Amino acid sequence: LKVSPAGFQVFRGDKAGDPIHPKDILSIMIGDLPGVERSSIRSAMSKEENEDYDAARTSYRELSKKPGLDERSKRYLEYKELLLTNKIIDDLEPGPTWEQQADKCIRDWATFLLTQQTGWELWPATVACTRLQIERGKYEDAARTWSRLGKNPNMPPEVKLEAAMQEIDLLIRAKTAYSTA
């Protein structure tokens, strides 16, 4: 899967499929990751499928630390680590521990999104980050997160439009939409 101003496209070799909207993507199954042994990825994926999210997260974290790792592989592994952190947080009971963990995950997503300028992972990472921001009542932060995605020159027009719509919605929720106009 590759994202460019032309859209999200599935590639088979050098052939690109028709562009698809990121909301139409239900899941991504990774085949080979450059620089990562297939058995290691399968092991992490198996843990994830068995809902052993902490063990899977640890596996992805360890794999991402491998020296000389391809940029795309590193981005994917870091994305998976954060996504599993989200799942772990989802299983926590509401309260101070949940709030602390959610705030840390939001900071980690923000760092990920600020350091990445390309890749299909940006869309689901933005969705995951803003969901937590909304749950924490941080509507302005969520609006800024969507705004950054919408301004990314590597994103296709439909993503930019969706990001703008999300930003407007969140500014309305934050009750700042009209004060900034």
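Since the structure is predicted, the reported quantities are computational estimates derived from the model, not experimental observations.

Enquirer: Lay out the overall build of the protein with the relevant residues and their values.
Expert: The secondary structure content of the protein amounts to 7 helices and 4 strands. What you see in the protein, going N to C, is helices and strands ordered as β-β-β-β-α-α-α-α-α-α-α. Computed over the C-alpha atoms, the radius of gyration of the protein is 17 Å, within 12% of the 16 Å expected from 2.2 N^0.38 for a compact globule of 181 residues. Seen through its C-alpha atoms, the protein measures out along the principal axes to roughly 55 × 45 × 25 Å. Out of the 181 residues in the protein, the part that is buried amounts to 39%. Contacts spanning at least 24 positions in sequence make up 56% of the contacts within the protein whose residues lie at least 6 apart. When the accessible surface of the protein is split by element, carbon and sulfur atoms take 51% of a total near 10,500 Å². Considering the protein, the positive charge centre built from 27 side chains and the negative charge centre built from 29 side chains are found 3 Å apart.

Enquirer: Break down helix α6 (residues 139-150) for me, with residues and values.
Expert: Compared with an ideal rise of 1.5 Å per residue, which puts 12 residues at 16 Å, α6 spans 16 Å between its outermost C-alpha atoms and is within 8% of the ideal. Residues of α6 that are buried include every one of A142, A143, T145, W146, S147, L149 and G150, and no others. Elements in contact with the buried residues of α6: α4 (96-115), α5 (122-135) and α7 (157-173).

Enquirer: Tell me about the packing of aromatic side chains, and name the residues and values.
Expert: Scanning the model with the defined rule gives 5 aromatic pairs in all. Aromatic pair Y79 and W109: ring centres 6.1 Å apart, planes at 55°, arrangement tilted. Taken together, the positions of Y79 in helix α3 (residues 71-90) and W109 in helix α4 put the pair 30 residues apart, joining distant regions of the chain. Side by side, Y79 and W109 carry an identical accessibility label, which is buried.

Enquirer: Requested: an account of unusual backbone geometry, with residues and values cited.
Expert: Located in the positive-phi region is E51, a residue other than glycine, with phi close to 60°. With respect to the secondary-structure elements, E51 resides in the loop between α1 (38-49) and α2 (53-64). Overall, the relative accessible area of 58% leaves E51 in the exposed class.

Parameters and conventions
- Residues numbered from 1 in each chain as written.
- Predicted model: local features only at pLDDT ≥ 70, side-chain atom pairs only at ≥ 80, totals over all residues.
- Heavy atoms only, no water.
- Helix = DSSP H or I, 4+ residues; strand = E, 2+ residues; numbered from the N terminus.
- Rg over C-alpha atoms; globule rule 2.2 N^0.38 Å.
- Buried < 20%, exposed > 50% of the residue type's maximum accessible area, 1.4 Å probe, protein only.
- Contact = heavy atoms within 4.5 Å.
- Areas by Shrake-Rupley, 256 points an atom, 1.4 Å probe, with all protein chains shown as cover.
- Lys, Arg positive; Asp, Glu negative; His and termini not counted.
- Charge placed at Lys NZ, Arg CZ, Asp CG, Glu CD.
- Expected span 1.5 Å × (residues − 1).
- Phe/Tyr/Trp six-rings, centres within 6.5 Å; stacked < 30°, edge-to-face > 60°.

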